[in-house]
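Structural characterization, general
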Amino acid sequence: MLQKRHSGVGAAVEYAVVHLKVENILVIGHSCCGGIKGLMSIEDDAAPTQSDFIENWVKIGAPARNKIKEEHQDLSYDDQCNKCEKEAVNVSLGNLLSYPFVRAAVVKNTLALRGAHYNFVKGTFDLWELDFKTTPAFAFS
Ligand SMILES: [Zn+2]
């Protein structure tokens, strides 16, 4: 499903891929991410808030939040957030693939999608290739 609600982002990605012909897109998550903390704090049965933009933006990561809450209930909130910071990167990579021009370039091998997580508390930087199997990223609500 093509994500049309965030068309400014789509325009930037289209310009980069189709016109600038970038060879790599690297999506980087980071430690102590306020966006992820917000996402992980939304209650399952929470009523929509008055936020016009922030909540809708944060909710793009809902598949990551749901996966982490399901698979890592035993972890502390902070550890869940850390895992979600990485999983949200995979969701973003999956969303990028929902753009036809991104998919076409990946299939042609002219574009590589990679994920990363920068932990500025520990001073680590993890880098990984897109794993098509990790996340059902196309489930938007
Ligand atoms: Zn952040």
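Presented here is a report on the structure given in the accompanying data block. In this text the structure is predicted, and so the values were computed from the model without any measurement.

1. Notes on the coordination of the zinc ion
Bound to the zinc ion are the protein donor atoms His-30 (NE2) and Cys-33 (SG), situated 2.0 to 2.2 Å from the metal. Accessibility expressed as a relative area gives 31% for His-30, which makes it partly exposed. The buried category is assigned to Cys-33, whose relative accessible area is 15%.

2. Notes on the sheet that holds strand β1 (residues 24-30)
Read from one edge of the open sheet, three strands run β1-β2-β3, paired in mixed fashion. Two strands in the sheet have a free side with no partner beyond their single neighbour: β1 and β3 (124-129). Pairwise comparison of adjacent strand axes, ignoring direction, gives a mean angle of 20° for this sheet. Bridge count between β1 and strand β2 (residues 112-119): seven bridges; the pairing is parallel. Considered in β2, the bridge of Leu-26 is made with Arg-114. Packing of helix α5 (residues 77-97) onto the sheet brings it into contact with β1, β2 and β3, and relative to β2 it is tilted by some 160°.

3. Here's the deal with the packing of helix α2 (residues 34-41) against α5
The geometry of a pair of packed helices is captured by two quantities: the angle between their axes and the separation between those axes. Taken N-terminus to C-terminus, the directions of α2 and α5 make an angle of 110°; their axes are 9 Å apart at the nearest point. With respect to each other, α2 and α5 are oriented roughly perpendicular. Relative to α5, α2 is oriented so that their crossing is right-handed. Touching Ile-36, Lys-37, Leu-39, Met-40 and Ser-41 of α2 are Tyr-77, Gln-80, Cys-81, Cys-84, Glu-85 and Ala-88, all from α5. Of the residues in the contact of α2 with α5, the class split is seven nonpolar, two polar and two charged.

Procedures and definitions
Residues numbered from 1 in each chain as written. Predicted model: local features only at pLDDT ≥ 70, side-chain atom pairs only at ≥ 80, totals over all residues. Heavy atoms only, no water. Donors = N, O, S within 2.8 Å, 3.2 Å for Na, K, Ca; no water. Buried < 20%, exposed > 50% of the residue type's maximum accessible area, 1.4 Å probe, protein only. Pairing = 2+ DSSP bridges. Helix = DSSP H or I, 4+ residues; strand = E, 2+ residues; numbered from the N terminus. Axes fitted to C-alpha atoms, helices over the stretch in contact; angles between N-to-C directions. Contact = heavy atoms within 4.5 Å. Parallel < 35°, antiparallel > 145°, perpendicular 65-115°, else oblique. Left-handed = near helix turned anticlockwise from the far one by under 90°. Nonpolar A, V, L, I, M, F, W, Y, C, P; charged D, E, K, R; others polar.

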